[in-house]
Amino acid sequence: MKKTLLALAAIAAMTGSASAADLGARPYVKAPMPAPVANWTGFYIFGGGGGGLSNADQSVVDTATGTPLTITQRQGGSGWFGTVGLGYDWQFSGTWVAGVFADGQFGSIRATIQDPIFGITGSQKLEDSWAAGIRLGWLAAPNVLTYVNGGYSGAHFGQTNFTDLAGVPVGAHLNSYNRNGWFIGGGVENSLNFFGISSPGWFMKTEYRSAFYNAKTQDELFDVSNAPVGNSIRANSWNQTVSTSLVYRFNWTGAGVRY
């Protein structure tokens, strides 16, 4: 019996070896390359434009003594602007993005300035401003970022030329000046692929921003002599803007966090 079992085992072993030899080696197949993964970490630049509203809380004071001559009233206006900027983002914890950025704005956003005692009026024009801050965002989708931001800002306001109520120049003005303040805002940034366009690295963002600049007292001056008229305007500035910008991200197709 034992001899019979040994003979059967030997035959099975020889048959298996022959079958394996007949099959030959399997061909090597290279694994497919992984698909690019969305990555928000890296540098970006942007440029665009929009519109804004400007408000100024103002009062008239006596130039010599600083005594208030009117109550504080809010005057407003509107205008347009362009913007350019750059920044750097870090993606972390899968769906969160934090970053730093800086930008500049230029254009013409105006608010009315008035002295009811002398019956004169003019426009306070925000000619250009800059901002530097941080933002924190959450990815609603791998290519759609919703965010809030805030930081420090500076602004340049142009010269205000006064007219009477009929629009006739009265020969008086406020000098141009710079003010500092802070801002807060938020927006949405999305890849242009979101609209079915194949454009790696290109994004569009729409942002709301509210900027507050400190109050300043400006003397009303005669145009010819630059001497004080006798009254001064004390006003702050609150500007609200909405902008749309094209954004280019330099490493959008690099490796990143998978979803």
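Because the structure is a prediction, the values reported are computed rather than measured.

Q: What am I meant to see in the nonpolar core here?
A: Grouped together as the largest cluster of nonpolar side chains are 21 residues, with contacts concentrated most on Trp 40, Leu 145 and Phe 157. Contributing elements (two or more residues each) for this core: β1 (42–62), β3 (96–115), β4 (120–141), β5 (144–157), β8 (177–191) and β9 (202–222). Here this core takes four residues from β5, the largest share from any one element. When near neighbours in sequence (up to four residues on either side) are disregarded, Phe 157 contacts Gln 124, Lys 125, Leu 126, Ser 176, Tyr 177, Arg 179, Tyr 213 and Ser 237.

Q: Whenever I open this one, the pairing of strand β7 (residues 169–174) confuses me. Can you help?
A: Note on strand geometry: in a regular strand, side chains alternate between the two faces of the sheet. As judged from the three bridges shared by strand β6 (residues 160–164) and β7, these two strands associate in the antiparallel manner. Within β7, the residue paired with Asn 161 across the bridge is His 173. Linking β6 to β7, which pair antiparallel, is a turn of four residues; within it Gly 167 sits at a positive phi near 90°. When β7 meets β9, the two strands line up antiparallel, connected through two bridges. If you follow Ala 172 over to β9, its bridge partner there is Phe 222.

What counts, and at which threshold
- Residues numbered from 1 in each chain as written.
- Predicted model: local features only at pLDDT ≥ 70, side-chain atom pairs only at ≥ 80, totals over all residues.
- Heavy atoms only, no water.
- Core = buried A, V, L, I, M, F, W, Y, C linked by side-chain atoms within 4.5 Å.
- Buried < 20%, exposed > 50% of the residue type's maximum accessible area, 1.4 Å probe, protein only.
- Helix = DSSP H or I, 4+ residues; strand = E, 2+ residues; numbered from the N terminus.
- Contact = heavy atoms within 4.5 Å.
- Pairing = 2+ DSSP bridges.

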